[in-house]
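Inside the fold
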Amino acid sequence: MDPLALQHYLAVGAILFVIGLIGFVTRRNLIVMFLCTELMFQGVTINLVAFGRYLNNDLGGQAFTIFVLVIAAAEASLALGLVVLLFRQKNTLDADAWRELKG
Amino acid sequence: MNSIASILALSVDAQTVPAVLFYLFAGISAASALGVVLSRNIVRTAVCLLFTLVGVAGLYFLLESEFLAAVQLVVYVGGTLILIVFGVMLTSKSPFSRFEPKAGEVVVAIAACIILFAALVMAIRSADFRPQTLDTTQKYPVVALGQALLGDYLVPFELASVVLLVVMIGAAYLAKSRKRDDKRAVARGAATLSQKARQWS
Amino acid sequence: MSLLSLLLPELILIVAASGLLLLGLSNKVASRRLAPVVAMLALIVTFCIQIYRVKAGGGPTQHDTFGGISRDGSIYGTLRIAEFAQYIKLISLGIGILLTLLAWPTNDDATGNSALHFGHDAGEFFALMLLSLTGLLLVAGANDIMLLFLGIELASIPTYIMVSVSRPLPVAQEAGVKYFFLGAFAAAIMLFGFSYLYGTTGATNLYEIMLNLHPKDASGIIDWGTRITLTPWQSLAVLMLVAGFAFKMAVVPLHFYVGDVYQGAATPVTAFLSFVPKASGFVALIKLLFALGGPNWLLPEPIVRANGTGLLWVLAILTMTVGNVLGLLQYNVKRVLAFSSVAHSGYMMAALAALATSQFVSPASNVKTTGLQAVLFYLAAYGIMNIGAFGVLQLLSARDGKDSAETFEDLAGKGRHHVSLALSMAVCCFSLTGIPLTVGFMGKLMIIKPALAAAIAKTPVGMSSVRPAMTWLVVIIMINAAISAAYYLRIVATLFLRSEEHAHPATAPHAAPHPAPRPHPRGHHLADHAHPVDPLFTRHTMPILLAVILSVAGTLLFGMIPSATELLGNGVQSAARIEGDIPQALPGLSDKAVAASK
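Fair warning: this is a prediction, and the values are worked out from it, not measured in the lab. Throughout, a residue's number is its position along its own chain's written sequence, starting from 1. Whichever chain is written first becomes A and whichever ligand is written first becomes 1, with later ones labelled in order. Only residues with pLDDT of at least 70 are given local features in this predicted model, and only at 80 or more are side-chain atom pairs given and counted; all residues enter the totals for whole chains, interfaces and linings.

1. Things to note about the overall build of chain C
- Helix and strand definitions here come from DSSP, where helices need a minimum of 4 consecutive H or I residues and strands a minimum of 2 consecutive E residues; each element is numbered from the N-terminal end. When helices and strands are tallied, chain C shows 25 helices and zero strands.
- Partly exposed residues are those whose C-beta has more than 12 but fewer than 20 other C-beta atoms within 10 Å; with 20 or more the residue is buried, with 12 or fewer it is exposed, and the C-beta atoms are placed from the backbone. Taking all 598 residues of chain C together, 64% fall into the buried category.

2. Re the interface of chain B and chain A
- Residues are scored as being in contact if the C-beta atoms we place from backbone atoms lie within 7 Å. With 68 residues of chain B in contact, the opposing surface of chain A contributes 61 residues.
- Those elements giving two or more residues to the side of chain B that touches chain A turn out to be α2 (16–38), α3 (42–62), α4 (66–91), α5 (103–126), α6 (142–150) and α7 (154–200) of chain B.
- The greatest single-element share of the side of chain B that touches chain A, amounting to twelve residues, is contributed by α4(B).
- Partitioning the side of chain B that touches chain A into residue classes produces 52 nonpolar, twelve polar and four charged. Charged residues are taken to be Asp, Glu, Lys and Arg, nonpolar residues to be Ala, Val, Leu, Ile, Met, Phe, Trp, Tyr, Cys and Pro, and polar residues to be all remaining types, Gly included.

3. Here we look at helix α23 (residues 542–560) of chain C
- Every helix has an expected span of 1.5 Å times one less than the residues it contains. Its 19 residues place the ends of α23(C) 26 Å apart at the C-alpha level, agreeing with the 27 Å of an ideal helix rising 1.5 Å per residue.
- For α23(C), the complete set of buried residues consists of C:Ile544, C:Leu545, C:Ala547, C:Val548, C:Ser551, C:Val552, C:Gly554, C:Thr555, C:Phe558 and C:Gly559.

4. Examining the interface of chain A and chain C
- Each side of the interface is counted separately: chain A has 35 residues, and chain C has 35 residues.
- Tallied by class, the residues present in the side of chain A that touches chain C amount to 23 nonpolar, eight polar and four charged.

5. Quick word on the nonpolar core
- To form a nonpolar core, buried Ala, Val, Leu, Ile, Met, Phe, Trp, Tyr and Cys residues must be joined through C-beta atoms within 7 Å. B:Val163, C:Ala350, C:Tyr378 and C:Leu473 are the most contacted members of the largest nonpolar core, which has 308 residues in total.
- For this core, the element with the most residues is helix α8 (residues 170–201) of chain C, which contributes 21 residues.
- Delimitation of the domains relies on an automatic or database domain assignment. When residues of this core are assigned to domains, at least three map to each of domain 1 (1–98) and domain 3 (142–201) of chain B.

6. Things to note about the environment of C:Ile476
Residue and element names in this part refer to chain C.
- Looking at the element boundaries, Ile-476 is found in helix α21 (residues 467–496).
- In this structure, the C-alpha to C-alpha distance between Ile-476 and Phe-360, residues 116 residues apart in sequence, is 21 Å.
- Those residues in contact with Ile-476 that lie beyond four places of it in its chain are Ile-317, Met-320 and Thr-321.

7. Brief notes about the packing of helix α15 (residues 333–356) of chain C against α21(C)
All names here are of chain C.
- Every angle, taken between N-to-C directions, lies between 0 and 180 degrees, and every axis is a line fitted to C-alpha atoms, over only the stretch in contact when it is a helix. Contact geometry of α15 with α21 gives a least axis separation of 11 Å together with a crossing angle of 160 degrees. Classed by the angle they form, the pair α15 and α21 counts as roughly antiparallel. For the crossing formed where α15 meets α21, the hand is left-handed. Here Val-333, Val-336, Ser-340, Ala-343, Tyr-347, Ala-350, Ala-353 and Ala-354 of α15 lie close against α21, whose contacting residues are Met-470, Leu-473, Ile-477, Asn-480, Ser-484, Tyr-487 and Ile-491. Every angle not falling under 35 degrees, over 145, or within 65 to 115 is termed oblique; those three ranges are roughly parallel, roughly antiparallel and roughly perpendicular. In this scheme the crossing of two helices becomes right-handed for a clockwise turn of the near helix relative to the far one and left-handed for an anticlockwise turn of less than a right angle.

8. So, helix α14 (residues 311–328) of chain C
Residues and elements named next belong to chain C.
- Counted at 1.5 Å a residue, the expected span for α14 with its 18 residues is 26 Å, and the 26 Å between its end C-alpha atoms agrees.
- Among all positions of α14, only Leu-311, Leu-312, Trp-313, Leu-315, Ala-316, Ile-317, Thr-319, Met-320, Gly-323, Asn-324, Leu-326 and Gly-327 are buried.
- Where α14 is buried, its residues contact α10 (232–249), α15 and α21.

9. Overview of the confidence of the model for chain B
All names here are of chain B.
- A score from 0 to 100, pLDDT tells how confident the predictor is in each residue. Per-residue confidence for chain B gives a mean pLDDT of 76; residues scoring 70 or more make up 65%.
- Per-element averaging of pLDDT across chain B places helix α1 (residues 2–11) at the bottom with 52 and α3 at the top with 91.
- Note on residues 94–98: pLDDT under 50 across the span, and seven contacts to partners over four residues away in sequence or across chains.

10. As for the environment of C:Gly96
- For C:Gly96, the location among the structural elements is in helix α5 (residues 83–102).
- When the 30 C-beta atoms within 10 Å are taken as the criterion, C:Gly96 is described as buried.

11. Focus: unusual backbone geometry
Residue and element names in this part refer to chain C.
- The step from Val-252 to Pro-253 runs through a cis peptide bond, and the omega angle for that step is 10 degrees.
- By the secondary structure assignment, Pro-253 is in the loop between α10 and α11 (257–264).
- One non-glycine residue, Ala-250, adopts positive backbone phi at about 60 degrees.
- One can find Ala-250 in the loop between α10 and α11.
- The exposure class assigned to Ala-250 is buried, which follows from the 28 C-beta atoms found within 10 Å.

Shown next, in the form of structure tokens:
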């Protein structure tokens, strides 16, 4: 067996994605939740690059990865803006502290 | 002596080196990803993410996507992560503050995620995707990537810059609204002060 | 068409948005006040261009790629502007005009009013609004999953900011943060789906994906007549993509944010949220389904099963029912409208579920075309009638006179003082319920038509019947229309029948925690004149009134006058011919696509 097949990379991608998913759902600190979405994005980009490489060197995967990086960076700056804005009001980053909106 | 030499010779086998590197990078990124989720210290969490990102950059190198690996290191590790650390510094009065989730939530979340992970593993094991072997004879040059970005993918490429414009406007707008709120808070404070002054007089 | 002229509407909007950004930074109040006018002009110009294009583009040949950047000069461009895209662009820009009117700055003092928080920076706000609409236009034209993803994100990212700055209240910021974090989460799930779709089909181009998914014979001619089976990987990709789109569409199970976010945002932003991200989600879903099913809409297994049930069917029923039941339980009118928006997504999903069964019934029943037409018509209808409801809500003031109305107590008895406004609200609510003579009724009719046609159509030999599933779907749509009537009528009844004294602040359950009325030097515009002058006819509220008038007029016009309905219907009909330009044999099939499909 080829020591490095596509599955190896996909497995890493899936692991990172699922760890990020678990973290997003369980952790209650907004910054940690945001870092978990970054982990999920990393899982996606590994998939994309590996697929691109193994699909006859298709450039779509790499190009898509660059766009994902752009979106991730954009969301990071936005997340910080929003989080800092909220923190100045509540002095906490506990997602459960914001419970003013209730049905 | 002979056997050691053969082991050494084996270890520099053209196939094993990438494999060893792969497990190294994959291990680093997966282990520190776990660290991101499990660590209760927010600074440590950010550092764990750093190692995940570096590990992923290593995987990009193994996939012969050197440009992406460099971008990952420069943009993500050097830019985004620094931004996040700034956020941590701006918001956490005590970096060791703990935020415990409820036990029920954890159980439900972990169960759901295990199911999802099992589905992913099964899907990967079924391996019904086309590319099985790597064609190493073909080049995978950066030049082609640049041409693709400004050729085939010109519209998404320009659109990405519009997204960045949005975020620029948004960040400035958020900062402005914060300043405005502060001003109003100051005005409110002054109003209450003058009220109190009137009461006393 | 060259790339520039193809992207003309988007470019105009982007240039206008950049100009607005500069206007917002200006030191002169007068030039900052120009911002909504500039945004409106840009939208009107693009709307006119779009009308011209829709009128000019006759047959299905007026479409797609452009010289220069497509891969082999063939159909592989990242953009593909067929009639479907032109129609979506047209209705987005039209409704964008109404949304701009609704968001016209009325709240100079930047109080926590649910009208737009104007302050001094309307320029940025309208820039974000135009850019979000640009995202929707690009989603409509996207023929590549990268462009699709970036378009969806461009449509969503501005809304996160718009929500959190729309009111200087903690609730708005909380809503913005919630929306942003869940949006990023949904985007990650969507991306994972996209990555597997890319990996299993070997292409990022939606058209190539469609070609690679379908079998072809030795001479390279695609067999569009066979229903494909998805591999487990592809199924996973489709499920995750649908989950990601479901967040944008506010479809169960990713609907839960809707109540909080819609309540926390200022009312014009809420109206914006209920159209633009939702439309982007639906357009993306239709594009995905088209790629999976091919021009004959032979959708594969997890999406629709041979007995007519399947993913779309389940989602449609759950979304309708959950949305309407939750809508019944709310006391805040904005939350009611939020969950009604979930329910309306459910109706549109029902039309897609009926469309998916077209392969199992005889072609004579015409389910295929009517299903897609229903979704496209309903999208426009929902956009038109919903704006009126939000506009009225924005114009009526709350009990304490400081805010716009939000709860049922705020609305109590208001209909007696403002008869015309309350009547407008009644028209919109009737239309949202689906009472005849309104556009909502026509929409519901079109939604039910394909499901009913599939339920009574003959089943071709050798296929199991979809009759039970489709009959249930029709029945559940009916039941849901009845449930929704309860809460829409409750809004109207509160306006006209309840007395104002009944709702005393002290006794009313006041759960939306407004901060205590702030001492404010100048007070609020609407509140200032609340009693001496009729507050509805000040200079500031005219744009909002205009939006309400246009919305009500549209609701009645498209519902009552057959020729108007026909006009919209014709547009929908040509838009639904999404498959018109697909050649059966592909001249420009790239080597890679051929190799990948082996």
